[in-house]
Amino acid sequence: MVTQAISNTSLMCRLKDVIPVHSAQGPTALPNSSAFIASRLTPTTFLVKEYDDIYSEQPYIYVKLIQQLNTIIVVDTGCGGTSSNPNIEIKRLREFLETVRIEDNDGRPLNEGRRMKYLVILSHCHYDHILAVEQFSDSVILASGYSPEFLRPSKLPEHSLCQELGIETPSYSPNLVDHMHRVLSSDGKQTSMTIMHSPGHTPDELAVYDEDERMLYVGDTLYENAPIIFPKEGSIIDWMETVDELISFVGDKESQSGLAVKINAGHETAGQPALQVLTSAKGFMEDVLRGSEKVQRRWTKRGEETVMYEQDGKRFALICPERLIAEARK
Ligand SMILES: [Zn+2]
């Protein structure tokens with residue numbers, strides 16, 4: 001998401017519905033001592049929230065356990081566990097996954113005893129999705145191959161926004177994958193996951209579709225209840241094409257199966273009806289482009305005139321360089 005200027009909902013609200021759970025016989029973790037909390041989304045998939053990071057990003061990390069393939073898929077790695085609470089003990093995502101007992105996982109850690117091999121998929125290279133990636137340097141890391149230039153190590157400090165924040169850029173070597181890449185386990189077996197290029201938010205933004213559970217992961221392409229943010233490297237033209245493609249993809253999957261697809265974003269939105277969220281977000285962007293939404297705020301960010309729009313009811317909002325809107329209107 002990469003906010004700074006806007007804080008979205010009150011933290012107290014968030015904490016009420018997401019209480020860290022450790023069983024009474026938990027080995028190391030005490031209540032509230034972890035920078036993360038996990039809850040079950042599906043029979044195999046958990047939402048891990050980094051709920052109080054110092055950057056106020058509150059990123060969503062998705063973890064899928066594929067026991068039969070001995071594989072644990074981690075979609076995004078969050079902000080590195082740097083919590084606003086100085087008393088937090090467990091800051092490393094990997095330690096959380098391997099040691100903290102999760103009530104929704106029958107009281108066991110998600111990757112107890114490191115039994116499963118990690119496979120990391122990065123939705124894009126913004127710092128709030130990659131700051132813990134070095135903890136997985138022994139694992140396969142997948143990223144979009146849409147624009148290898150954008151992910152060049154020499155460009156990463158700028159494109160990850162780490163430089164802007166004055167923090168160290170993680171060092172990692174992703175495998176850059178094609179559009180519609182079928183994700184394989186570490187021993188080469190097919191998983192139910194497919195990676196799609198979804199440029200717009202950034203050139204390297206990707207989406208992941210889990211065929212088994214009809215779950216679509218969209219990173220920062222869109223979410224509800226907090227501003228959808230485009231950095232200056234983004235493109236609303238590409239975003240529109242991506243959202244159209246995702247709408248048609250989800251429509252096909254739903255008509256083939258007769259069952260609904262759910263959408264999971266990098267912030268705020270998880271387990272919602274995909275088609276409804278995608279079409280509503282597209283409708284909001286169309287309103288912005290045709291001028292029926294009014295600019296609510298403007299300021300300069302990274303050297304560009306930046307504007308904010310917000311829907312009545314605040315479900316969707318947008319922050320982007322004004323230039324991106326002008327380009328998309330042409
Ligand atoms: Zn982002």
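Residues numbered from 1 in each chain as written. Predicted model: local features only at pLDDT ≥ 70, side-chain atom pairs only at ≥ 80, totals over all residues. Heavy atoms only, no water.

A. Spotlight on the state of the cysteines. The full count for this structure, using the stated rule, is zero disulfides. Unpaired in this structure, Cys79 has its nearest cysteine sulfur neighbour in Cys162, at a distance of 10 Å. Among the residues examined, Cys79 registers a relative accessible area of 1% and is labelled buried. Here Cys320 is not disulfide-linked; the sulfur of Cys125 is the nearest cysteine sulfur, at 19 Å. Residue Cys320 is classed as buried on the basis of its relative accessible area, which comes to 0%. (Disulfide = S-S within 2.5 Å. Buried < 20%, exposed > 50% of the residue type's maximum accessible area, 1.4 Å probe, protein only.)

B. Representation of the environment of Phe230 in the model. Following the sequence through the fold, Phe230 ends up in the loop between β12 (227-229) and α6 (236-257). On a C-alpha basis, the gap between Phe230 and Cys320 in space is 4.8 Å, while along the polypeptide they are 90 residues apart. With residues near it in sequence (within four places) discarded, Phe230 still touches Gly200, His201, Ser235, Ile236, Trp239, Met285, Leu318, Ile319, Cys320, Pro321 and Leu324. (Helix = DSSP H or I, 4+ residues; strand = E, 2+ residues; numbered from the N terminus. Contact = heavy atoms within 4.5 Å.)

C. Representation of the coordination of the zinc ion within the structure. Only His124 (NE2), His126 (ND1), His201 (NE2) and Asp220 (OD) from the protein coordinate the zinc ion, and they sit 2.1 to 2.3 Å from it. One chain supplies every donor for the zinc ion, spaced along it as H-x1-H-x74-H-x18-D. Separated by 96 residues along the polypeptide, His124 in the loop between β5 (117-121) and α3 (127-130) and Asp220 in the loop between β11 (215-219) and β12 bring together distant segments of the chain. Both residues of the pair, His124 and Asp220, belong to the buried class. (Donors = N, O, S within 2.8 Å, 3.2 Å for Na, K, Ca; no water.)

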